[in-house]
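Residues per chain are reported as follows:
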Amino acid sequence: MHFIRSGAIHFVSVEAGLVERELPLGGVSILAAKFAVCLTALVLAAASSASAQPSPPRPNIVYIVADDLGWKDVGFHGSDIKTPNIDKLAETGARLEQFYVQPMCTPTRAALLTGRYPFRYGLQTAVIPTPSKYGLATDERLLPQALKEAGYSTVMVGKWHLGHSDRKYWPRQRGFDYHYGSMVVEVDYFTHASANVKDWFRNNKPVKETGYVTRLWGEDAVAQINAHDPKTPFFLYLAFTAPHAPYQAPKEYLDKYKHIEDPTRRAYAAMITAMDDEIGNVVAALEKKGMRDNTLIVFMSDNGGNRTAMLSGDVDVSNLKLPADNGPYRGGKGMLYEGGTRVVALANWPGHIKPGVNNEIIHVVDMFPTLAGLAGASLSKGKPLDGVDVWSTLSDGKTSPRHEVVYNIEPFRGGVREGDWKLIWRTPLPSVLELYNIAEDPSEKANLADKNPQMVAKLQKRIEELARESAKSLFLQDAFTAVKASTHGAPALPGEDAFFTQGD
């Protein structure tokens, strides 16, 4: 800015930190002085305009989560499973090819909604079992709470799995204006029950109805969009159980895959296509409502496809050939390898996200600060976040600010990546150290630990640091309590039948 004082023009440069310069007027015509004043005003106006580029409008947010979806089990990764709606979102949006989550369901959902690694609040190990009574700590501030405070309408449709024994853990108590769905690990797709107990609620009230779970959730998500007032920004968290076991699908979807001989793979494929159809219906509803152009859609799986029978929840799949395909990546659900933690993911917002393949590293904890930033929500409340704002990475493919990935920290194992180097450290004796260069060896075939002792030591040190910050595993505490209870009671001495069955 400028002003005239004592026969001189004084210029104050805001960009230079309020530095004042004096130009004497002696010998300078009034015309020249006026020209200098006008030129300065134009320069400063241009600088002000350049520094005040419009930020994206506050978007509606539709966040869709699949359950146990294999990395390769979508069309845009080369699968024969039909996913045209997901494929279109990937084609017209950003395919996030290094998007990381936790290796299992509960931890990933907690990481998404808190922006913090699950080891910080005890949810790092396994999932919350159906008989257990613990949940996501109520002193954790969740994404729907932050968005609601910013003026968003917050809706959840689908599976919760962050605490079910007490309503204090439920979605309506954690920032959602509305919830329709289930609370535990999985339900029968037709009876809506888990272990013969109905697990089906709308706004905390039990609901009795018939229908295929995936279709019911898709229809309800559409109904919520149709009923929404577009004047209010909208957050929809749509959490499918598909294609988690039990492997069930309506006949019309099974008939689409008659060519697949294995009945489990056939049902799995049918479940994915059924989910894809519902996603297509959600996108169509947004378009019909005139909301699509201002809606950010994110899609991801909660972990890699399941390759281990014991990790299928309450359903016995021990006699089945598990159907998920994680493509080139090693392992699957429950493992710290890429197959368990690098998942199908995409982000789509017309005109705001550059279409194409995005190979930058993003972790699910990054979504909290990124979405909160777009929504204008406060990040000053709550506990320190592990996530970083990756909007420029999502939208323009710019270099990710994330240099570290924490795969998990547990008492018996840990996994961390810095840059291209990834260490998996299994601590129960005999301990195992595995070091991989993920950029050169994403399939984790060559263990380089023996050849790189300094890198191993560096990453071990980091895992130890994080372990010291960890809360105790609620799953292990719960399991120990159950085991301890079984060690007390009457002694198991031989009964009367021992006279006939046991020797002296």
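Now for a look at the structure at hand. Every chain's residues receive numbers from 1 upward, in the order its sequence appears when written. In view of the model being predicted, local features appear only for residues whose pLDDT reaches at least 70, and side-chain atom pairs are presented and counted only at 80 or more, with totals across whole chains, interfaces and linings using the full set of residues. By convention in this description, side-chain values take in all heavy atoms of the structure and omit both hydrogens and water.

1. Considering the overall build of the chain
A run of H or I in DSSP becomes a helix once it reaches four residues, and a run of E becomes a strand once it reaches two; helices and strands are each numbered from the N terminus. Scanning the chain from N- to C-terminus turns up 13 helices and 21 strands. Classification of the 504 residues of the chain by burial places 52% in the buried group. Considering only residue pairs separated by 6 or more positions, the chain has 67% of its internal contacts joining residues 24 or more positions apart. Accessible surface area values rest on a Shrake-Rupley calculation with a 1.4 Å probe, where residue burial reflects the displayed protein chains alone. Entry remark: accessible area of the chain is about 22,700 Å², with carbon and sulfur atoms responsible for 55%. Any residue under 20% of the maximum accessible area for its type is buried, any over 50% is exposed, and the rest in between are partly exposed; the area is computed with a 1.4 Å probe on protein chains only. Between two residues, a contact is recorded if the distance between any of their heavy atoms is within 4.5 Å.

2. What about the side chain of Asp 302?
Within the secondary structure, Asp 302 is located in the loop between strand 14 (295-301) and helix 8 (338-341). Residue Asp 302 is classed as buried on the basis of its relative accessible area of 0%. Under the rule applied, a polar contact is a pair of N or O atoms within 3.5 Å (in protein, one hydrogen donor and one hydrogen acceptor; residues adjacent in sequence only if both atoms are side-chain atoms). For Asp 302, the side chain forms a polar contact with the side chain of Arg 109, separated by 3.0 Å. In this view, Asp 302 contacts Val 65, Ala 66, Asp 67, Asp 68, Val 101, Gln 102, Met 104, Cys 105, Thr 108 and Arg 109; residues no more than four positions away in its chain are not counted.

3. Thoughts on the sheet that holds strand 21 (residues 432-437)
The strand order 18-19-20-21 describes an open sheet built from four strands, whose pairing is antiparallel. Lying at the two open borders of the sheet, with one neighbouring strand each, are strand 18 (404-410) and strand 21. The sheet shows a mean angle of 10° between the axes of neighbouring strands, direction not considered. Packing of helix 11 (residues 453-468) onto the sheet brings it into contact with strand 18, strand 19 (413-418), strand 20 (421-426) and strand 21, and relative to strand 20 it is tilted by some 60°. DSSP-based pairing: two strands are paired if at least 2 bridges between them are found. Interaxial angle, 0 to 180 degrees, is taken between N-to-C directions of lines fitted to C-alpha atoms, where a helix line uses only the stretch in contact.

4. Overview of the pattern of salt bridges
We count a salt bridge whenever a side-chain nitrogen from Lys or Arg sits within 4 Å of a carboxyl oxygen from Asp or Glu. The tally for this structure, following the rule as stated, stands at 28 salt bridges. Between Asp 67 and Lys 159 there is a salt bridge, with the nearest N and O atoms lying 2.5 Å from each other. Taken together, the residues span a long stretch of sequence, with Asp 67 in the loop between strand 4 (60-66) and helix 2 (84-91) and Lys 159 in strand 7 (residues 153-159) at a distance of 92 residues. Across the pair, exposure class does not vary: Asp 67 and Lys 159 are buried alike. Overlapping salt bridges, with partners in common, bring together Asp 67, Arg 109, Lys 159 and Asp 302 in one network.

5. A short note on unusual backbone geometry
Cis rather than trans, the peptide bond between Ala 245 and Pro 246 has omega equal to 5°. As for its placement among the helices and strands, Pro 246 is situated in the loop between strand 13 (234-239) and helix 6 (251-254). Cis rather than trans, the peptide bond between Leu 429 and Pro 430 has omega equal to -5°. At Asn 196, a residue that is not glycine, the phi angle is positive and equals roughly 65°. Here Asn 196 shows up in the loop between strand 9 (193-194) and strand 10 (197-198).

6. Description of the side chain of Gln 248
Turning to its location among the elements, Gln 248 is positioned in the loop between strand 13 and helix 6. Here the side chain of Gln 248 touches Tyr 189 through a polar contact of 2.8 Å, landing on its backbone nitrogen. Beyond its immediate stretch of four places on either side in the chain, Gln 248 contacts Asp 188, Tyr 189, Phe 190, Tyr 212, Ala 267 and Met 271.

7. What about the environment of Arg 426?
One can find Arg 426 in strand 20. When the C-alpha atoms of Arg 426 and Gly 414 are compared, they prove to be 6.6 Å apart, with twelve residues separating the residues in sequence. Excluding anything up to four places from it in sequence, Arg 426 contacts Tyr 337, Phe 412, Arg 413, Ser 431, Val 432 and Glu 434. A distance of 2.5 Å separates the side chain of Arg 426 from the side chain of Glu 434, its partner in a polar contact.

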